[in-house]
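Commentary on secondary and tertiary structure
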Amino acid sequence: MAPASTITPIGPDVADRYLSLVGDGDEQGATALVAALLDNDVPAQRIIVDLIALTQRRVGELWAANEWSVAREHAATAVGERALAAVAVRTTTAPSRGRIALACVDGEWHGLPARMLAELLRLDGWRVDYLGASVPGRHLITHLHQTGPDAVALSCMIPTRLPRAHAAITACRAAGVPVIAGGRGFGPGGRYAERLGAQAWAATGEEAVARLSTDWPPRHVIDLAMPDDEFFLGDEEYTHLVRSRPQLIATALERLPAAYPGAHHYDEAQLEATAEDLGHIADFLAAALYVHQQQIFTDFVGWTSSVLRSRGVPPIALRIGLGLVRDQLIDFPAATAMLDDALGTLA
Ligand code: B12
């Protein structure tokens, strides 16, 4: 293995070494590696995008494939945060552009992707107020009134947070601050971002940097304050599902042993995991109803079935879970159609 001081570009050898360091929870090794890259004139942006971010995605795959435990993923992510901080501390940039408030949507705990974006923007000369994970809408708005930024950058990594993203975007518009949205929660190609009223969307941190430096505020925005009927998305089915979530899960758990005899012997941890899975079904279904997009629910079911498969959970378990939720929603045609469609993809 090459000593840290001789490392130059970010090739597969460096990526493998960094992955093994984060997988080992080796904070000192990982920060020494990024410091060595900086010493060798590798640009900070490349370290963030090609090393830290790419590795995080690999960490996600390893977790999803059940090769890494949740604890190992958490430890690796914590090391990733430190490596990013090590890059930030070594690269000071005087602000030469405007000011951006960057926040994760309420209930969105993926703070690291947003933090990476914060550093990329800072390196490009923006003053960035990084507000962190799960920022309640009202606090975000207070911050806007206190600081008057040129943009809000809003991160949403999981679609279940889209209703909250909508509330935040609407409030930012009302406060007169344009929003650039990002993160995989906004769907492929950011298709839900515009639907929820964001002025712009970017797929990656680098795309956001390019967009904000060339076209901000976006030329096509006419009236930021427009509260539009078009943006009213939640309907009765969505509201019912959100309100009845606890009861829905409790009833499904009660009925589970009759539908799936193996559940008679579930221990406390298995019951807890099942309740969590049922909660995810309810949350993804609610998000799909909110933006009227079947795809959100179908993608979730496909993703869940592969995660469960890699953990040796029989495919029938997911079918049963979906069925137990469906049986309680008979008067809700949009929800049952979504569940039927997703059940069809499982068959
Ligand atoms: C680490 C991690 C966590 C950590 C986050 C800790 C932290 N401090 O960030 C914790 C443990 C909290 C977590 C929790 C969960 N997670 Co998680 N997590 C991840 C993981 C492994 C890495 C995230 C990351 O850092 N990615 C790296 C960045 C760089 O990814 P990126 O998308 O390319 O980011 C770029 C763009 O998205 C964009 N971007 C991001 N934000 C913004 C904002 C703006 C304005 C712009 C313009 C651009 C932009 O710029 C970024 C930089 O280029 C991902 C896997 C993955 N592929 O990302 C899963 C992942 C996102 N998680 C997932 C899931 C399911 C969950 C949980 C539901 C798990 C559970 N059972 O509880 C919870 C949900 C928690 C919540 N409510 O938020 C799934 C989501 C799947 C889906 N259906 O959408 C993923 C994809 C894992 C997987 N392989 O399936 N997670």
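Residues numbered from 1 in each chain as written. Predicted model: local features only at pLDDT ≥ 70, side-chain atom pairs only at ≥ 80, totals over all residues. Heavy atoms only, no water.

An unreviewed UniProt entry lists the chain under the name Cobalamin-dependent protein, with Actinoplanes sandaracinus as the source organism.

Some points on the nonpolar core
Within the largest apolar cluster, 59 residues are counted, with the highest numbers of intra-cluster contacts made by Leu140, Phe186, Leu285, Phe297 and Leu329. The residues that make up this core include at least three from each of domain 2 (99-228) and domain 3 (236-346). Not counting residues up to four positions away in its chain, the partners in contact with phenylalanine 186 are Leu154, Cys156, Leu162, Ala165, Ile169, Ala181, Arg191, Tyr192, Ala193, Leu196 and Trp201. Grouped together as the second largest cluster of nonpolar side chains are 48 residues, Leu37, Ala86, Ala153 and Ile180 included. (Core = buried A, V, L, I, M, F, W, Y, C linked by side-chain atoms within 4.5 Å. Buried < 20%, exposed > 50% of the residue type's maximum accessible area, 1.4 Å probe, protein only. Domains from an automatic or database assignment. Contact = heavy atoms within 4.5 Å.)

Here we look at the pairing of strand E1 (residues 99-105)
When you tally the buried positions in E1, you get six out of seven residues, the bulk of the element. One ladder, built from six bridges, connects E1 with strand E2 (residues 127-135); its direction is parallel. Bridging from a neighbouring strand, isoleucine 100 pairs with valine 128 of E2. This β-α-β element, E1 to helix H5 (residues 111-123) to E2, shows right-handed connectivity. With five bridges connecting them, E1 and strand E3 (residues 151-155) associate as parallel partners. Among the inter-strand pairings, leucine 102 is bridged to a residue of E3, identified as alanine 153. (Helix = DSSP H or I, 4+ residues; strand = E, 2+ residues; numbered from the N terminus. Pairing = 2+ DSSP bridges. Right-handed = clockwise from strand over helix to strand, strands pointing away.)

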